[in-house]
Every structure is written in C-alpha cells, then in structure tokens.
Amino acid sequence: MLNGGKKIIIPSGYKSSLSIRDTAKAIKIIKDFFELELAKALNLERVSAPLFVRPESGMNDNLSGVERPVSFNVKAINENIVEIVHSLAKWKRMALKRYEFSVGEGLYTDMNAIRRDEELGNLHSIYVDQWDWEVVISKEDRKIEVLKETVKKIYNALKKTEDHICSKFPVIKKTLPDEIYFITTQELEDMYPDLSPVEREDKIAKEKSAVFIMKIGGILKSGIKHGERAPDYDDWNLNGDILLWYPLLDRAMEISSMGIRVDEEALLRQLKEAGCEDRKNLLFHRELLEGRLPYTIGGGIGQSRMCMYLLKKAHIGEVQASVWPDSMIEICDKANIKLL
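The shown structure was predicted, so the numbers you read here are calculated from the model rather than taken from an experiment.

Basis of the calculations
- Residues numbered from 1 in each chain as written.
- Predicted model: local features only at pLDDT ≥ 70, side-chain atom pairs only at ≥ 80, totals over all residues.
- Heavy atoms only, no water.
- Buried < 20%, exposed > 50% of the residue type's maximum accessible area, 1.4 Å probe, protein only.
- Helix = DSSP H or I, 4+ residues; strand = E, 2+ residues; numbered from the N terminus.
- Pairing = 2+ DSSP bridges.
- Axes fitted to C-alpha atoms, helices over the stretch in contact; angles between N-to-C directions.
- Contact = heavy atoms within 4.5 Å.
- Salt bridge = Lys/Arg side-chain N within 4 Å of Asp/Glu carboxyl O.
- Core = buried A, V, L, I, M, F, W, Y, C linked by side-chain atoms within 4.5 Å.
- Arc of directions from axis to C-beta.

Let us look at helix α8 (residues 303-311). For α8, the tally of buried residues reaches 9 of 9 residues, placing the bulk of the element in the interior. Looking only at α8, the buried set comprises Q303, S304, R305, M306, C307, M308, Y309, L310 and L311.

Structure representation (structure tokens):
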C-alpha cells in the first residue's frame, strides 16, 4: 500500500500477539535483559551520553553525508549552534580516552537521536533509539578475526534475549538460527551480480536467516558501493551490518551497524576517497591523527528494531512513540497495526 509515494508493507491478516499493555511490559523486559547480557559479553560499563554536540567539534556522525542534523541556538553560549547527534560513533572514542579505559574495557550508553530526513516506513522512524557501545583494543587486534568474534558475542546475547522473552510470553515463537553467517560485500556481489545491494541483502538474509555483511563503504569491482558509510569512524575493510530475515515483512532487517574504527592510515585514505580531507582540521580528527585516541571497535544496536523483531510487530511504531503522516496512521489503523 502507498503512503505519500512510499510503500507501507501490510502483512495479510495481521494481528499482534500481544496487547498494547503487554507489549509495553515486553519492551521493558527485552531492553533490561539484553543490556545486561551485552555489557557482560563485551565487558562494558554504562555511561551518560550527549543528546547534542557542537558542530565544530567534528564529533557528529554525518551518516551518508546528505542527512541534515537538527540544530538550534543556545542562549547560554552566545546563541551558538548545537546539533542533535545522528550517532555517537566519534564521541564514544573520545569518551574512552577521557574515562581512561584500558584495552579490553568498554562503555555503552542509550543513544537517542532525531533523523529528520529519514524516509518513514515499517522499519524507519525519525526517532532513533539504540545501544551505542565501544571497546578499547590494541593495534594488533585491528583484524577481521576480532570483528567476527565480537559479532558472535553480540549475537549470542540476542539469542539469550529471545529465549528469555519467549519464556515470559510463550505465544511468541523463536525464529533466530543457532549461528550467524559471515560474508563480504564483494563475495555477495560475486554471488548475485545482477541484483542491487538491497536485493542481495534480502537474498542472503532469507537464505541464512541471520547474516553479518562485512566491508561496507568502499567501491566494489563493479564500480559501485554496497552502501554509504562516513569515512571517519569505521574502517571500511573492518566493518559490517547484522541483518536478520523478517518473514512478516518478507525482507531483511538491519539491527546493528558496527566495526573496528579507523586508525591514522585508514582515516587519511578514506577522507581522500570521500573528498572530505578538510575534516582533518576538526578536533576529533586532529586528536586521532596525532595519536591521542585509543584504537577501538564499536557500534550501535537498534532498540526498537530488536523489540520489533522479537515481538513480531509489523511496524516500528508499535514499539516506540514517534510521529507519522496522517495517511500512514490511517492505513495502519485499518490494518490492525496500532501505532503508539
């Protein structure tokens, strides 16, 4: 069905397994349980995080480079502009230094953001809520094996959370496979050269049920990119996305983007490739290039996406309170999709 020219997927005969009140209870259970499992698996401590930052700090994530941050003037600092964060990818690395974390130690936080340019739909809202995490690693640990082991730990925490929520609400059935599958974007392109990147993701996710697609951001043999990534946080050779197949919507669902962060060499290479070499003069980038920041691995895990998947909801608005076009609200209401 269409809403303002965009497709809204309406599952045939959809009816939520849980009432709105039980959904609220289940969301709390999922978030509390997973947060503790994630912290235990990755040796993380919870810290407070900013909702907004100064643009001149260079710490806001520009995502794919076209999304406009929400900004406003602050009276107390001479009407200077601050921006609502898009993510905390860079801030976390600075925080690890400030808190004096050692190799093998990390932090996590609740990250809330507003992405005003998001195209709204079943999986997309302008309100973003995720667990942001970051761990200090040694330079020698900047390798694909460390990335894969970290992914496995996160996936295991997700599996435990599924077991837990299904024990609390038996009407919900388990769907996660025992293991997550690993593949690079180039291997995926070689397998399905005639498909678009999104179609490839759907194809492999449907086949494997849970997949980690690695090496996102660089140009493939075909001359195109699998997806856009900012050049100044993930190393494009050491990153990836966790995707789960979601039969209810007949498509892949990304629940996490993560990676080993850029070192000095990778930052310079990717800034040049992206045509963003002017960023070298920003605070974050100077700190990194001058060797004053730790080497890290980190990422974000979507809270609402995870709840939507585990509770088998048709729309992300069933597990978070946001704003939606009137036409979308009307379509969803007629289809028994109760937006919060």
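After presenting the structure, the write-up continues.
In a beta sheet, neighbouring strands are held together by backbone hydrogen bonds and run either parallel or antiparallel to one another. Read from one edge of the open sheet, 8 strands run β3-β7-β8-β13-β12-β11-β10-β9, paired in mixed fashion. The open sheet terminates on both sides in strands that have one partner only, identified here as β3 (44-46) and β9 (181-184). Strand after strand, the sheet turns through a mean of 25° between neighbouring axes, direction not considered. Against the sheet, helix α3 (residues 144-168) makes contact with β8 (127-137), β9, β10 (210-214), β11 (234-246), β12 (251-261) and β13 (295-302), and its axis sits at roughly 30° relative to β11, the strand it touches most. Taken strand by strand, helix α6 (residues 264-274) contacts β11 and β13, and its axis lies near 75° from that of β11.

This part covers the pattern of salt bridges. Within this structure, the stated rule accounts for 30 salt bridges. For K97, the salt bridge goes to E287, with nearest N and O atoms at 2.7 Å. Here the residue K97 occupies a position in helix α2 (residues 89-98), and E287 occupies one in helix α7 (residues 283-289), the gap between them amounting to 190 residues. Under the relative-accessibility criterion, E287 is labelled buried at 11%. Across the pair E228 and K225 runs a salt bridge whose closest N-O atoms are separated by 3.5 Å.

This part is about the nonpolar core. In terms of nonpolar packing, the biggest core is built from 60 residues, with W133, L158, F212, L244 and L311 touching the most fellow members. For this core, the leading source of residues is α3, giving 8 residues. Residues within four places of L311 in sequence aside, it is in contact with L18, T23, A26, I27, I30, I165, I172 and V319. Judged by nonpolar contacts, the second largest core, of 13 residues, contains V47, A95, F101 and L107.

Let us now look at the sheet that holds strand β6 (residues 80-84). With respect to topology, 3 strands assemble into an open sheet ordered β4-β6-β5, the strand pairing being antiparallel. The sheet is open, and its two borders are formed by β4 (52-53) and β5 (71-74), each paired with just one other strand. Across 4 bridges, the pairing between β5 and β6 is antiparallel. Each bridged residue has a counterpart across the sheet, and for N73 the counterpart in β6 is I81.

Taken residue by residue, α6 has A266, L267, Q270 and L271 as its buried positions. With its buried residues spanning 125° around the axis, α6 presents them on a single face. Facing away from the buried side of α6 by over 90 degrees, the exposed positions are E265 and K272. For α6, the elements touching its buried residues are β11 and α7. Following α6 by one or two positions, G275 adopts a phi angle in the positive range, close to 70°.

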